[in-house]
Amino acid sequence: MTGKRPPLPDEEWPLRALLTAARDRMDLSINQAADLAGVSATAWQYLERGARWDENDLKPKPETLTKVALAVGLDPREVMELAGVDPDDPDNYNPSRAGRPTVSAAEFGNLYHMMDERQRSLIVALVHSFRERPPGSSPTTAESYRDATVVSKPERATKRRAKRP
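This one's a predicted model, so the numbers in the text were calculated from it and none came from an experiment.

Asker: Before we move on, can you summarise the overall build of the protein chain with the specific residues and values?
Answerer: Along its length, the protein chain carries nine helices and zero strands. The helix and strand sequence of the protein chain, counted from the amino end, reads α-α-α-α-α-α-α-α-α. For the protein chain, the accessible area works out to roughly 11,600 Å², and carbon and sulfur atoms hold 54% of it.

Asker: Quick rundown of the packing of aromatic side chains? Include the residues and the values.
Answerer: In the structure shown here, the tally under the stated rule is zero aromatic pairs. The cationic tip of Arg120 hangs over the ring face of Tyr112; the distance from NZ or CZ to the ring centre is 5.0 Å.

Asker: If you had to explain a negative patch on the surface to someone new, which residues and values would you point to?
Answerer: Where like charges cluster on the molecular surface, the negative patch consists of Asp75, Glu78, Glu81, Asp86 and Glu107. Given a relative accessible area of 42%, Asp86 falls into the partly exposed group.

Asker: I'd like a description of unusual backbone geometry, backed by residues and values.
Answerer: A negative phi holds for most residues other than glycine; trans holds for most peptide bonds. Of note, Asp27 is a non-glycine position whose phi angle comes to about 55°, a positive value. Counting through the fold element by element, Asp27 comes out in the loop between helix H1 (15-25) and helix H2 (30-37). Since its relative accessible area comes to 67%, Asp27 is described here as exposed.

Asker: An account of the side chain of Glu48 is requested, with residue identities and associated values reported.
Answerer: With respect to the helices and strands, the residue Glu48 is situated in helix H3 (residues 41-49). Judged by relative accessible area, which is 9%, Glu48 ranks as buried. In this structure the side chain of Glu48 is engaged in a polar contact, spanning 2.6 Å, whose partner is the side chain of Arg23. Once residues lying within four places of it in the same chain are set aside, the contact partners of Glu48 are Trp13, Arg16, Leu19, Thr20, Arg23 and Ile30.

Asker: Pulling in residues and values, what's your account of the pattern of salt bridges?
Answerer: Pairing between side chains of opposite charge can happen when the charged atoms of each approach one another. The final tally for this structure, using the stated rule, is two salt bridges. A salt bridge links Glu48 to Arg23; its shortest N-O distance comes to 2.6 Å. With a gap of 25 residues between them, Glu48 in helix H3 and Arg23 in helix H1 connect regions that are remote in the sequence.

Asker: Can you tell me about helix H4 (residues 62-71), naming the residues and giving the values?
Answerer: Within H4, seven of the 10 residues are buried, leaving the element largely enclosed by the surrounding structure. Those residues of H4 hidden inside the fold are in contact with H1, H2, H3 and helix H5 (76-82). Immediately downstream of H4, the backbone of Gly73 shows phi near 75°, a positive value.

Asker: Describe the nonpolar core, naming the residues involved and giving the relevant values.
Answerer: Residues Leu15, Leu19, Trp44, Leu65, Val68, Val72 and Leu74 are the most contacted members of the largest nonpolar core, which totals 21 residues. Contributions of two or more residues to this core are made by H1, H2, H3, H4 and H5. Setting aside residues up to four positions removed in sequence, Trp44 forms contacts with Leu19, Arg23, Ile30, Ala33, Ala34, Ala37, Val39, Val68 and Val72.

Asker: Let's hear about the confidence of the model for the protein chain: which residues, and what values?
Answerer: With 62% of its residues at a pLDDT of 70 or more, the protein chain shows a mean pLDDT of 75. Looking at the elements of the protein chain, mean pLDDT is at its lowest for helix H8 (residues 141-147), recorded as 50, and at its highest for H2, recorded as 92.

Asker: Tell me what's going on with the packing of H2 against H4, and back it up with residues and numbers.
Answerer: Taken N-terminus to C-terminus, the directions of H2 and H4 make an angle of 115°; their axes are 8 Å apart at the nearest point. By the criterion of interaxial angle, the relationship of H2 to H4 is roughly perpendicular. The chirality of how H2 crosses H4 is right-handed. Where H2 abuts H4, its residues Ala33, Leu36 and Ala37 lie against Lys67, Val68 and Ala71. For the contact of H2 with H4, a count of residues per class yields five nonpolar, no polar and one charged.

Calculation rules
- Residues numbered from 1 in each chain as written.
- Predicted model: local features only at pLDDT ≥ 70, side-chain atom pairs only at ≥ 80, totals over all residues.
- Heavy atoms only, no water.
- Helix = DSSP H or I, 4+ residues; strand = E, 2+ residues; numbered from the N terminus.
- Areas by Shrake-Rupley, 256 points an atom, 1.4 Å probe, with all protein chains shown as cover.
- Phe/Tyr/Trp six-rings, centres within 6.5 Å; stacked < 30°, edge-to-face > 60°.
- Lys NZ or Arg CZ within 6 Å of the ring centre and 35° of its normal.
- Patch = residues over 30% accessible without salt bridge, like charges linked within 9 Å, V, L, I, M, F, W, Y side chains within 5 Å.
- Salt bridge = Lys/Arg side-chain N within 4 Å of Asp/Glu carboxyl O.
- Lys, Arg positive; Asp, Glu negative; His and termini not counted.
- Charge placed at Lys NZ, Arg CZ, Asp CG, Glu CD.
- Buried < 20%, exposed > 50% of the residue type's maximum accessible area, 1.4 Å probe, protein only.
- Polar contact = N/O pair within 3.5 Å; in protein donor to acceptor, adjacent residues only side chain to side chain.
- Contact = heavy atoms within 4.5 Å.
- Core = buried A, V, L, I, M, F, W, Y, C linked by side-chain atoms within 4.5 Å.
- pLDDT = per-residue confidence, 0-100.
- Axes fitted to C-alpha atoms, helices over the stretch in contact; angles between N-to-C directions.
- Parallel < 35°, antiparallel > 145°, perpendicular 65-115°, else oblique.
- Left-handed = near helix turned anticlockwise from the far one by under 90°.
- Nonpolar A, V, L, I, M, F, W, Y, C, P; charged D, E, K, R; others polar.

Pasting the structure below:
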């Protein structure tokens with residue numbers, strides 16, 4: 001077979017309808033959704049088509065499926081099942097391995113709206129505590145770098161010339 005492989009029919013690849021609907025609901029292009037998930041646009045297209053462009057079989061990694069699902073507010077377990085990956089296999093389902101929180105923003109938003117005002121203020125205080133350094137602690141590498149004075153190129157050249165005998 002030469003040329004582009006046709007996409008799988010919906011009955012053979014039910015993930016297409018779910019991914020496309022979720023992406024459309026968020027008003028995202030394939031490129032935008034892929035950027036949000038941290039995958040290539042080609043990988044996203046493969047997942048929506050259910051087939052690669054070449055002769056090779058589509059074998060999505062659990063991490064990729066998790067990233068894609070969380071990017072558009074879907075349940076990673078459902079996405080894995082539709083892609084033929086067993087989410088109950090401990091080697092397959094681990095949202096934190098995909099570099100994302102185990103709770104989607106949509107799910108957290110739903111939980112947040114179910115809380116009373118006291119619970120909300122406690123959650124907000126907890127989140128703020130993660131961002132603040134305890135008094136007396138040393139800054140992280142990123143903080144040191146961010147807070148460092150940036151020396152311009154002319155200043156660096158002047159400093160180098162001044163050090164030479």
